[in-house]
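# Notes for the structure review
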Amino acid sequence: MLTPHRMDPHHLPHDPSEQPRNPYEELGALDDGPLEETPLEDFLGEGAVRRDEQEPEWSPPGHRRGGRRRKNRFAGLPLAMKAVVGLVALTAFVALADRWALLYAEHRAADTLKDRLDLAAAPEVEIGGFPFLTQLAEKRLESVKVTVPDVAADRVSLAKVSATAHDIRLDADGLTSVRGAHVPRFDGDVLLSFEDLNRELGASQVRFTGEGRDRVRARGTLPVAGHDLRLRAEARIQRQGERGITTEIGGMRLDIGDLATYRPGTRPSEGLHLTPKGTADLARETRKAKALLSVPAIVQRMGVPEATVREALADDGKLTELTGSPKFARQAERLNLIDLALDNPEVLRRLGLDPDLLDELSGLTRPVLADRLSLAFELPKPEQGDVRLDDVRVEEDGIRVRLSGSGLTVGS
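Here's a quick rundown of the structure. None of these values were measured; they are calculated from a predicted model. (Residues numbered from 1 in each chain as written. Predicted model: local features only at pLDDT ≥ 70, side-chain atom pairs only at ≥ 80, totals over all residues. Heavy atoms only, no water.)

### Some thoughts on the overall build of the protein chain
When helices and strands are counted, the protein chain shows 17 helices and 13 strands. Residue burial in the protein chain is summarised as follows: out of 412 residues, 33% are buried. At a minimum sequence separation of 6, the contacts of the protein chain that also span at least 24 residues come to 52%. Total accessible area on the protein chain stands at roughly 27300 Å², and carbon and sulfur atoms take up 52% of it. (Helix = DSSP H or I, 4+ residues; strand = E, 2+ residues; numbered from the N terminus. Buried < 20%, exposed > 50% of the residue type's maximum accessible area, 1.4 Å probe, protein only. Contact = heavy atoms within 4.5 Å. Areas by Shrake-Rupley, 256 points an atom, 1.4 Å probe, with all protein chains shown as cover.)

### Side note on the nonpolar core
The biggest cluster of nonpolar side chains holds 91 residues, and the ones touching the most others in it are Phe208, Leu361 and Phe377. At six residues, the largest contribution of residues to this core is made by strand β3 (residues 156–172). In this structure, Phe377 is in contact with Ala153, Asp154, Val156, Leu158, Val190, Leu192, Arg243, Gly244, Ile245 and Val401, ignoring residues within four places of it in sequence. (Core = buried A, V, L, I, M, F, W, Y, C linked by side-chain atoms within 4.5 Å.)

### Details of the packing of helix α10 (residues 286–293) against helix α13 (residues 316–323)
Packing of α10 against α13 leaves a shortest axis separation of 11 Å and a crossing angle of 80°. One element, α10, and the other, α13, form an angle in the roughly perpendicular class. Residues Thr286, Ala289, Lys290 and Leu293 of α10 pack against Asp316, Leu319, Leu322 and Thr323 of α13. Split by residue class, the contact of α10 with α13 holds four nonpolar, two polar and two charged. (Axes fitted to C-alpha atoms, helices over the stretch in contact; angles between N-to-C directions. Parallel < 35°, antiparallel > 145°, perpendicular 65-115°, else oblique. Nonpolar A, V, L, I, M, F, W, Y, C, P; charged D, E, K, R; others polar.)

### Thoughts on unusual backbone geometry
The residue after Phe130, namely Pro131, is reached through a cis peptide bond having omega -5°. With respect to the helices, strands and loops of the structure, Pro131 is situated in the loop between β1 (124–128) and α7 (132–138). With a phi close to 55°, Asp167 is a non-glycine residue in the positive phi region. As for its position among the elements, Asp167 is in strand β3. Look at Asp167 and you get partly exposed, because its relative accessible area is 33%. The backbone phi angle of Ala225 is positive, close to 50°, even though this residue is not glycine. Tracing the backbone through its elements, the reader meets Ala225 in the loop between β6 (215–224) and β7 (227–240). Here Ala225 falls in the partly exposed class, since its relative accessible area comes to 28%.

### Concerning the pairing of β7
Examined bridge by bridge, β6 and β7 share ten bridges and lie antiparallel to one another. Note that in β7 the partner of Arg219 across the bridge is Arg232. Here β6 hands over to β7 after two residues, with Ala225 in that stretch at a positive phi of 50°. Bridge analysis of β7 against strand β8 (residues 244–256) gives ten bridges, and the strand direction is antiparallel. Bridge pairing links Arg232 to Arg253 in β8. Connecting the antiparallel pair β7 and β8 is a turn made up of three residues, with Gly241 showing a positive phi of about 70°. (Pairing = 2+ DSSP bridges.)

### Quick word on the pattern of salt bridges
Should the charged atoms of two oppositely charged side chains come close, the side chains can pair. With the rule as written, the count across this model stands at 24 salt bridges. With a shortest N-O distance of 3.7 Å, Arg236 and Asp214 are connected by a salt bridge. Here Asp214 lies in the loop between β5 (206–210) and β6 and Arg236 lies in strand β7, a separation of 22 residues in the sequence. Taking relative accessible area as the criterion, Arg236 reaches 29% and is therefore assigned partly exposed. When the shortest N-O distance is used, the salt bridge between Arg366 and Glu270 registers 2.7 Å. Here Arg366, found in helix α17 (residues 366–372), pairs with Glu270, found in the loop between β9 (260–263) and β10 (271–274); they are 96 residues apart in sequence, far enough to count as distant. (Salt bridge = Lys/Arg side-chain N within 4 Å of Asp/Glu carboxyl O.)

Right, dumping it as structure tokens:
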């Protein structure tokens, strides 16, 4: 096996040209002369030294939206699309201006009506149609609705008067110089509420409610001679002429407890009469029965034979038998006690009736009582044009009257 021959350093050739160079000698040779200064610009290059002067200061990249890109948002849109956007914006501006002018006109009209009609509050005015400015330029409005609350009408207040005028022609020179208007036709309704009737006619003691299409029912109490009598009545509502309504009061009665009932009038069924309970008390209370039978005028009106009366007054058993019979009860209920009030006050007092109350009831005639419950009113006649009532009906909240008119002129 062959082994590599290891070279002995002592056996190296002695040729100077073949000997290796000493690195320390090369360093020593560099130190023999002065070191030439090399310009930094030559080493790094001219562009590298001026980099700080030419490069801008570093700043973080901008990631916020907007900037120059926002200004050019519509740059890529077609011309037609830009025109549509501009048209929409212009339309919105014109519509806003139209609505502002409309609100101004409604407010001005409300103030004018308040002053001319001497109202406590300005009415509600609603001008219909769109656009308003075009109508104003043509001096013709499509419709105007006016709602006036709490209008006085004779003894009652109209809760709400609402009317809508159509095809109004204006006498104007612009938005702020409307001198008047001509109304060819209008329609509306008037509400006479039960709440107002209860407050103004009933004085919180009588309540009005609807009953059917043309009837109003009154229930409550009426003070008479220091007594609170229960009141019942009905009013039939009907149109009177072309501008008014009238009420026909019927079924009026005043209940004096459970003892008697007063109905104003002169017919046999009217006046002051005992109730069934009042006649039944005569059969149980002999004192009351004897007081009634002791008056000859009462016995004569009841048609009881004198012999029967004498037996009843002499024998309590006969008295109970007489007063407990159905015939006697019917005859007692037909007896009009109001006619006997002045001549027999003591007898009426024994029956439980106050003579002072009966005196005042005699003056409470049908017309007097009906006037207290009257719901009638009449619309004022305009200086120009025509106003008429078309329909009158009773509703849940009150009496509603439909009206119409034509040829009205407002202002000049």
